[in-house]
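Coordinates in review
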Amino acid sequence: MSYLIEVIGDALAVIARFGRDFREVLWLTLWVGGVSTALSLLLGIPIGAWLGLTRSRWRRVWLTLVNTGMSLPPVLAGIVILIVIWDDGPLGALGLPFTVTAMIGAQTVLATPIAAGVTAGAIGGLPDGAREQIETLRLRWTGRATLAVREVWPGVLAAAIAAFGRVTSEVGAVLIVGGNIRGETRVLTTAIVQEARQARFGEALAFGIVLMAIALVINSTLTWAQTRGQR
Amino acid sequence: MGSADVHLVYPADGSIVDVDLELRPSETLVLYGPNGSGKSTILRLLAGTLGGGALLDAAYLPQTPHLFRGTVARNLALGLTVEETAHARQLLDDFGLGDLVGRHAAGLSGGQRQRVLLARTLAQRSAWVLLDEPLAAFDVADRMSTAAVIRRQLAERSAVVVTHEQDEAMMLADRVAVVIEGDIAQIGAPGAVFGMPADASVAAALGLANVFDGVVAVVEGALCGVDIDGARVWGVGAGKVGAPARVTFGAETVTLYSDAGASGGSARNWWVGTVEQLRPVGRLVEVVVTSGTLQVLAVVTPGAVDALDIAPGVVVTAAAKATAVRVLSA
């Protein structure tokens, strides 16, 4: 019991110190998580709108693929992306291995199916009267998609919450494509792994507490907006 | 724009809808039929909301009135040009809701939502107008005034309107198509269809619960006396003595008397019989009376059941005026 209290005390001391390493890790986590969430929404919402509205006979196939993508193991995504960007890979010339760009790319790949799947589910849940109007109003496809997305925006916020949760909590992909380089590609989750490996549990727990605090703040804000939208 | 002949099948095996329909320009065709008969499916096939693309360039009002987030003004303008939007606002004025344009759509009642959607749909200058149960959300008073605006707006336009109410069909239709089990059972002018149902299934769809087959025994001007297994039923129709005939009349046109010997009043048809069964039909009660070989259906209020002590086994007299009974060539 006393050991547990000691570890918690160490963790709180690390947070209170708020040293340079800590700040760098925190800032990079927010940057990578924010940018990859934004990119995943940018890609995923239109895909979800199409999936939610289309009457294509292939809709079920595409939905199955997107839903499978929602449970894509981060380590698998990480290794596949690393192969693609490796020196001898198709994108080898870009020099991306172990860079922040690679981390953003990997997390975007992980979060886009979530943004698309949750958006498609929200639009799929529109009442018949709304769907039929969207289909028959004299609007271009972009107008229809915008109308549908706007109608279900609390559901789209749920997509944002889920996407952000996915990118900030995963460790496998960023560890593999980013390399967990101190001061360059280390984020909260990889820092936790690093500290835990070295049995520095106070530091590891400190990063974990901050990670949870970020999740709490972001999710509280989005949930507040979501419940306002549902009224 | 000329007539369009469309063949509609849904789903692929035609188990829900399988119809050939002639759509005429500058005409309002009303699809009339009981709930679940497939008339909305026909409209959705024309509008293209069941997949396969729209068959017509049409403004479409779905059965369920849904307004999108935002103001009434935003909803009115969706998919419309500036001129059409101005027309939609004018129509909203005609519906008596002009002061709602700035209101948030979420605060509107079902009837108000329906009128906003009607204004937008009618304002769209498309070749066709497709309306699914446009008056279902209204009470009787609003239904009449809204129907008048719709009728005015559809004059000279090409439209297909779905309803399961006869009075709405009469108000709006140039032609009525009776839809039964996904097929057109009868099509024609409203007076002809409602006045002369083609067969027993159409008669049933029109609420004419009593249908009997017999032979014309007497013709007295517009009245025919038809013998049905020994019983004579008088009704209006053109028949020849000796010709087979079908007799139909609505259950609501039958009057019940607790006195087995009642015979006063102007009704030409009197049947003394025994109450076989009482069945609740919504807020009313359907009473089955057996008189000889005839089984007559009457609809009465629960209050009348109590007042007349109607119960299975009780002897009553059922009466129907000959003018309420239609005699059709079988």
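Just above sits the structure.
Everything in this summary refers to the structure shown in the same document.

Cut-off values and rules
Residues numbered from 1 in each chain as written. Chains lettered and ligands numbered in written order. Predicted model: local features only at pLDDT ≥ 70, side-chain atom pairs only at ≥ 80, totals over all residues. Helix = DSSP H or I, 4+ residues; strand = E, 2+ residues; numbered from the N terminus. Buried ≥ 20, exposed ≤ 12 C-beta atoms within 10 Å, placed from the backbone. Contact = placed C-beta atoms within 7 Å. Nonpolar A, V, L, I, M, F, W, Y, C, P; charged D, E, K, R; others polar. Pairing = 2+ DSSP bridges. Axes fitted to C-alpha atoms, helices over the stretch in contact; angles between N-to-C directions. Parallel < 35°, antiparallel > 145°, perpendicular 65-115°, else oblique. Left-handed = near helix turned anticlockwise from the far one by under 90°. Core = buried A, V, L, I, M, F, W, Y, C linked by C-beta atoms within 7 Å.

**A few points about the overall build of chain A**
Helix and strand counts for chain A come out as eleven helices and zero strands. The secondary structure elements of chain A, listed N-terminal to C-terminal, are α-α-α-α-α-α-α-α-α-α-α. Principal axes of the C-alpha set define a box for chain A whose edges measure 65 × 50 × 25 Å. The burial tally for chain A puts 42% of its 231 residues in the buried class. Sequence-distant contacts in chain A: of pairs separated by 6 or more residues, those separated by 24 or more amount to 78%.

**Brief notes about the overall build of chain B**
In terms of regular secondary structure, chain B is built from nine helices and 18 strands. Counting only C-alpha atoms and orienting by the principal axes, one finds that chain B spans roughly 70 × 45 × 40 Å. In chain B, which comprises 330 residues, the proportion classed as buried is 42%. Counted over contacts in chain B with a minimum sequence separation of 6, partners at least 24 positions apart contribute 65%.

**Description of the environment of Gly129(A)**
Looking at where Gly129(A) falls in the secondary structure, it is placed in helix α6 (residues 128-136). Assessed through the 18 C-beta atoms surrounding it within 10 Å, Gly129(A) is described here as partly exposed. Sequence-distant contacts of Gly129(A), that is, excluding residues within four places in its chain, are made with Pro62(B), Thr64(B), Pro65(B) and His66(B).

**A short note on the interface of chain B and chain A**
Of the residues lining the interface, twelve residues belong to chain B; the matching set on chain A comes to 15 residues. Class assignment of the residues belonging to the side of chain B that touches chain A gives a composition of six nonpolar, five polar and one charged.

**Comments concerning the sheet that holds strand β5 (residues 128-132) of chain B**
Residue and element names in this part refer to chain B. Taken together, the six strands give an open sheet; going across it, the order is β4-β5-β6-β3-β7-β8, and neighbouring strands pair in mixed fashion. Looking along the sheet, the strands with just one partner apiece sit at the ends: β4 (58-61) and β8 (183-188). The average angle at which neighbouring strand axes cross in this sheet is 15°, direction not considered. Taken together, the five bridges between β5 and strand β6 (residues 158-163) define a ladder with parallel strand orientation. Within β6, the residue paired with Asp132 across the bridge is Val162. Where helix α4 (residues 110-123) meets the sheet, its contacts fall on β4 and β5, and the angle it forms with β4 comes to roughly 170°.

**As for the pairing of strand β11 (residues 231-236) of chain B**
All names here are of chain B. Note that strand β10 (residues 223-228) and β11 share six bridges and pair antiparallel. Counterpart to Leu223 in the pairing with β11 is Val236. Where β10 folds back on β11, the antiparallel hairpin that results is connected by two residues, among which Asp229 adopts a positive phi of roughly 50°.

**Details of the packing of helix α5 (residues 100-124) of chain A against helix α8 (residues 153-169) of chain A**
Residues and elements named next belong to chain A. Relative to each other, α5 and α8 sit at 155°, their axes nearing to 8 Å. Relative to α8, the element α5 lies roughly antiparallel. Relative to α8, α5 is oriented so that their crossing is right-handed. Here α5 contributes Gln107, Leu110, Ala111, Ile114, Ala115, Val118, Thr119 and Ala122 to the contact with α8, which in turn contributes Gly155, Val156, Ala158, Ala159, Ala162, Ala163, Arg166 and Val167. The residue makeup of the contact of α5 with α8, split by class, is twelve nonpolar, three polar and one charged.

**Examining unusual backbone geometry**
Residues and elements named next belong to chain B. Omega for the peptide link from Tyr10 to Pro11 comes to -15°, which places this bond in the cis form. Along the chain, Pro11 turns up in the loop between β1 (4-10) and β2 (17-23). Phi angles above zero are rare outside glycine, and Glu156 is one such case at about 70°. Turning to its location among the elements, Glu156 is positioned in the loop between α5 (140-154) and β6.

**Side note on the packing of helix α2 (residues 20-53) of chain A against α8(A)**
Residues and elements named next belong to chain A. Contact geometry of α2 with α8 gives a least axis separation of 9 Å together with a crossing angle of 135°. It follows from the interaxial angle that α2 and α8 lie oblique. Note on packing geometry: the crossing formed by α2 with α8 is right-handed. Along the contact surface, α2 presents Thr29, Gly33, Ser36, Thr37, Ser40, Leu41, Gly44 and Ile45, while α8 presents Val156, Ala159, Ala160, Ala163, Phe164, Val167 and Thr168. Classifying every residue of the contact of α2 with α8 gives eight nonpolar, seven polar and no charged.

**Brief notes about the nonpolar core**
Counting residues in hydrophobic clusters, the biggest one holds 92 residues, and the most contacted among them are Ala119(B), Leu130(B) and Ala298(B). Counting 63 residues, the second largest nonpolar core, distinct from the first, contains Ala148(A), Val152(A), Phe164(A) and Val177(A).

**So, α6(A)**
Because the α-helix completes a turn every 3.6 residues, residues three or four places apart line up on one side. Along α6(A), seven of the nine residues are buried, which leaves the element largely enclosed by surrounding structure. By the burial criterion, the buried members of α6(A) are Ala130(A), Arg131(A), Glu132(A), Gln133(A), Ile134(A), Glu135(A) and Thr136(A). Buried residues along α6(A) sit against α2 and α7 (141-151) of chain A together with α1 (39-47) and β4 of chain B.

**Details of the environment of Gln107(A)**
All names here are of chain A. As for its placement among the helices and strands, Gln107 is situated in helix α5. Linking Gln107 and Leu26, residues 81 residues apart in sequence, is a C-alpha distance of 17 Å. In contact with Gln107, other than residues within four places in its own chain, are Val32, Ser36, Val167, Ala173 and Val174.

**Some points on the sheet that holds strand β16 (residues 294-300) of chain B**
In sheet architecture, strand pairing relies on hydrogen bonds along the backbone and comes in two forms, parallel and antiparallel. Residues and elements named next belong to chain B. Judged by pairing direction, the sheet is antiparallel, and its five strands sit side by side in the order β13-β17-β14-β15-β16 without closing on themselves. Both outer strands of the open sheet, β13 (255-257) and β16, are each paired with one neighbouring strand and no more. With strand direction ignored, the average angle separating the axes of adjacent strands in the sheet is 45°. Here strand β15 (residues 284-291) pairs with β16 via seven bridges, running antiparallel. By the bridge assignment, Ser291 is partnered in β16 with Leu294.

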